[in-house]
Amino acid sequence: MVSSRTDVSGAAVSAAASPPSSPNWMIWCVDTHVEWHYTPHFDSGYLCPELSDECVTSGLTWGLDTVTKRSELFPKASHTSLNKLASYCTKAGETRCLNRLQGLNKPAAAIRARTPTSAGMHHMSMGKAEEEIWKGIQEKTWKRLATTMMLDKQRAIHLVKYLEENMLEIANDNLQGQCTKGHSCKNSTKTQLLKIIEKEHKKRKKH
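Residues numbered from 1 in each chain as written. Predicted model: local features only at pLDDT ≥ 70, side-chain atom pairs only at ≥ 80, totals over all residues. Heavy atoms only, no water.

Tell me about the packing of helix α5 (residues 153-177) against helix α6 (residues 187-206), and name the residues and values.
How two helices sit against one another is set out by the angle between their axes and by the gap between those axes. Contact pair α5 / α6: the axes reach a minimum separation of 9 Å and the direction vectors enclose 145°. For the pair α5 and α6, the sense of crossing is left-handed. Contacts between α5 and α6 involve Glu164, Glu165, Asn166, Met167, Leu168, Glu169, Ala171, Asn172, Asn174 and Leu175 on the former and, on the latter, Lys190, Leu193, Leu194, Ile196, Ile197, Glu200, His201, Lys203 and Arg204. Looking at the contact of α5 with α6 residue by residue, the classes come out as eight nonpolar, four polar and seven charged. (Axes fitted to C-alpha atoms, helices over the stretch in contact; angles between N-to-C directions. Helix = DSSP H or I, 4+ residues; strand = E, 2+ residues; numbered from the N terminus. Left-handed = near helix turned anticlockwise from the far one by under 90°. Contact = heavy atoms within 4.5 Å. Nonpolar A, V, L, I, M, F, W, Y, C, P; charged D, E, K, R; others polar.)

In structure tokens form, the structure reads like this:
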């Protein structure tokens, strides 16, 4: 008896068949996501819906054949470089491309966290004007995420509290990790972290 499997295009393939001569793969992605921001202004953090022209790494599903390794295709690829290296699928049954799943985006199919634990610290802080824009949809978005992604608002409240209590140690740890192997190296990130460390030192002296 010959067993079978299903390839990334959905077709049944015999396990006894000879391996493909070139990698066969597909990456499914979403183009909308929700950013969760740590902020002391809201006890559960702040949700900010985002529409991206690119496939973000937090919303990727990889499909590979049995002889292909992910590291062989796009080693350590960020979403920016991935969108430059791979083309989008344009027809049914096509493989070796990025397949955008726009039908899942209600309200989004991926979540990105923006906190001081981030190596790059990109878009970590939002201004008051930006917070005002999304203020009216916070409760509605939390309810949707609880239904679609099982994201519990109470756990987010606990996370904000944990970050508040340990911010000095978190910022110091992130600063020490800057410019080391596998991490980013930005002067702007170091500046932000140093400001956080200084602020936390002042807070603890008051107490």
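More follows now that the structure is in view.
Mind laying out the sheet that holds strand β3 (residues 25-29), listing which residues take part and the relevant values?
Strand order in this open sheet of three strands is β6-β3-β7, and the pairing throughout is mixed. At either margin of the open sheet sits one strand with a lone partner, and together these are β6 (60-64) and β7 (98-100). The mean inter-strand angle of the sheet, taken between neighbouring strand axes irrespective of direction, is 20°. Relative to β6, β3 is paired through five bridges, and the arrangement is antiparallel. If you follow isoleucine 27 over to β6, its bridge partner there is tryptophan 62. (Pairing = 2+ DSSP bridges.)

Please give an account of the state of the cysteines that cites residues and values.
By definition, a disulfide links two cysteine residues through a covalent bond between their sulfur atoms. With the rule as written, the count across this model stands at one disulfide. Bridging cysteine 89 to cysteine 97, the disulfide has an S-S length of 1.9 Å. Because the torsion about its S-S bond is 90°, the bridge between cysteine 89 and cysteine 97 counts as right-handed. (Disulfide = S-S within 2.5 Å.)

Give me the nonpolar core: which residues, what numbers.
Trp36, Tyr38, Leu47, Leu163 and Ile196 are the most contacted members of the largest nonpolar core, which totals 18 residues. Elements with a minimum of two residues in this core: β4 (32-37), α4 (138-148), α5 and α6. Residue contributions to this core peak at seven residues, all from α5. Core analysis: the second largest hydrophobic core is formed by 10 residues, Ile27, Cys55, Leu60 and Phe74 among them. (Core = buried A, V, L, I, M, F, W, Y, C linked by side-chain atoms within 4.5 Å. Buried < 20%, exposed > 50% of the residue type's maximum accessible area, 1.4 Å probe, protein only.)

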